[in-house]
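Letter by letter, the chains look like this.
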Amino acid sequence: MNMKFRTTFLIAVLAILAIFVAVNWTAFIAPTTLSLLFAEVQAPIGLVMLGVTIALVAIFLVYLLTMQTSVLLEHRRISKELDSQRGLADQAELSRLTELRGYLQTELHQIALQQSQGLEALNTRLNALQQALGERIANTENAVAAQLGELDDRLQRSGVNPLAPALQSPL
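Residues numbered from 1 in each chain as written. Predicted model: local features only at pLDDT ≥ 70, side-chain atom pairs only at ≥ 80, totals over all residues. Heavy atoms only, no water.

1. What to know about the overall build of the protein chain
Argument step 1. Regarding its fold elements, the protein chain presents 4 helices and 2 strands.
Argument step 2. Counting helices and strands in the order they occur from the N terminus, the protein chain gives α-α-β-β-α-α.
Argument step 3. The globule rule puts the C-alpha radius of gyration for 171 residues at 16 Å, and the 58 Å found for the protein chain is more than 25% above it.
Argument step 4. When its C-alpha atoms are laid out on the principal axes, the protein chain stretches across 170 × 40 × 20 Å.
Argument step 5. Here the protein chain, with 171 residues, has 4% of them falling under the buried criterion.
Argument step 6. Across the protein chain, contacts joining residues at least 24 apart in sequence account for 6% of those joining residues at least 6 apart.
Argument step 7. Carbon and sulfur atoms make up 67% of the accessible area of the protein chain, which amounts to about 15300 Å² in all.
Argument step 8. Once the 12 positive and 14 negative side-chain charges of the protein chain are each reduced to a mean point, those two points are 11 Å apart. (Helix = DSSP H or I, 4+ residues; strand = E, 2+ residues; numbered from the N terminus. Rg over C-alpha atoms; globule rule 2.2 N^0.38 Å. Buried < 20%, exposed > 50% of the residue type's maximum accessible area, 1.4 Å probe, protein only. Contact = heavy atoms within 4.5 Å. Areas by Shrake-Rupley, 256 points an atom, 1.4 Å probe, with all protein chains shown as cover. Lys, Arg positive; Asp, Glu negative; His and termini not counted. Charge placed at Lys NZ, Arg CZ, Asp CG, Glu CD.)

2. Re the packing of aromatic side chains
Argument step 1. Scanning the model with the defined rule gives 2 aromatic pairs in all.
Argument step 2. When the centroid spacing of 6.3 Å and the interplanar angle of 20 degrees are considered together, the rings of Phe-5 and Phe-9 count as stacked. Of this pair, Phe-5 and Phe-9 are both found in helix α1 (residues 2-23), 4 residues apart, which corresponds to roughly one turn of the helix. You'll find Phe-5 and Phe-9 in the same group, each marked exposed.
Argument step 3. On the basis of an interplanar angle of 80 degrees and a centroid distance of 6.0 Å, the ring pair of Phe-20 and Phe-28 is categorised as edge-to-face.
Argument step 4. What makes Phe-20 partly exposed here is its relative accessible area of 47%. (Phe/Tyr/Trp six-rings, centres within 6.5 Å; stacked < 30°, edge-to-face > 60°.)

3. A few points about the pairing of strand β1 (residues 31-35)
Argument step 1. Relative to strand β2 (residues 40-44), β1 is paired through 5 bridges, and the arrangement is antiparallel. Bridge assignment links Leu-34 to a residue of β2, and that residue is Val-41.
Argument step 2. Between β1 and β2, which pair antiparallel in sequence order, lie 4 residues; one of them, Leu-37, sits at a positive phi of approximately 75 degrees. (Pairing = 2+ DSSP bridges.)

4. Quick look at a nonpolar patch on the surface
Argument step 1. On the surface, Leu-10, Leu-14, Leu-17, Phe-20, Val-57, Phe-60, Leu-61, Tyr-63, Leu-64 and Met-67 cluster together into a nonpolar patch covering about 900 Å² of accessible area.
Argument step 2. For the nonpolar patch, the secondary structure elements donating two or more residues are α1 and α3 (45-158).
Argument step 3. The leading source of residues in the nonpolar patch is α3, at 6 residues.
Argument step 4. Looking at where Leu-64 falls in the secondary structure, it is placed in helix α3. (Patch = residues over 30% accessible without salt bridge, like charges linked within 9 Å, V, L, I, M, F, W, Y side chains within 5 Å. Salt bridge = Lys/Arg side-chain N within 4 Å of Asp/Glu carboxyl O.)

5. Section: the pattern of salt bridges
Side chains that differ in charge, positive against negative, can pair when their charged atoms come close.
Argument step 1. A complete count under the given rule lists 5 salt bridges for this structure.
Argument step 2. Asp-153 is the partner of Arg-157 in a salt bridge, and the nearest nitrogen-oxygen pair spans 2.5 Å. One end of the pair is Arg-157 and the other is Asp-153, both in helix α3 and 4 residues apart, which spans about a single turn.
Argument step 3. Residue classification places Arg-157 among the exposed residues on the basis of a relative accessible area of 64%.
Argument step 4. Put simply, Glu-74, Arg-77 and Glu-81 are held in one network by salt bridges that share partners.

6. Overview of unusual backbone geometry
Argument step 1. Look at Leu-37: it is not a glycine, yet its phi comes out positive at around 75 degrees.
Argument step 2. Inspection of the secondary structure puts Leu-37 in the loop between β1 and β2.
Argument step 3. Taking relative accessible area as the criterion, Leu-37 reaches 86% and is therefore assigned exposed.

Printed below as a string of structure tokens:
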């Protein structure tokens, strides 16, 4: 928007200047004595001023073109540098992601190892507890059997048959 306005304004000023020159062409070509500080010349002052104006516009256009070219070259250089930096950033990010993946795999492997070691320890402990429980049950059975045997032996020595009343009673 701003560029269009400037271009339109410049074209309008040049058009007005061209119309002014066309309308006053006779005044532009009228010869006049001009002083050049070291000599005097006869020339139309309008044409001289028009030539100076055209020369200034040409110089300004060349300056404008050189500035535009330098800006475009600088933009291209910065764009290439930005692409290079973006590539380096992408590589660094990829490297960090690879490192993170490796770290996570190592940690997961360690956790799995700890879990398997924990399960082995738990199984060992459960087996030991089961064996101890089996031994206690066997000891308890033996103790109960020994006590029953001792009671039976006492009853037989005393001559009392504890099953006799149950056998004599009619059902």
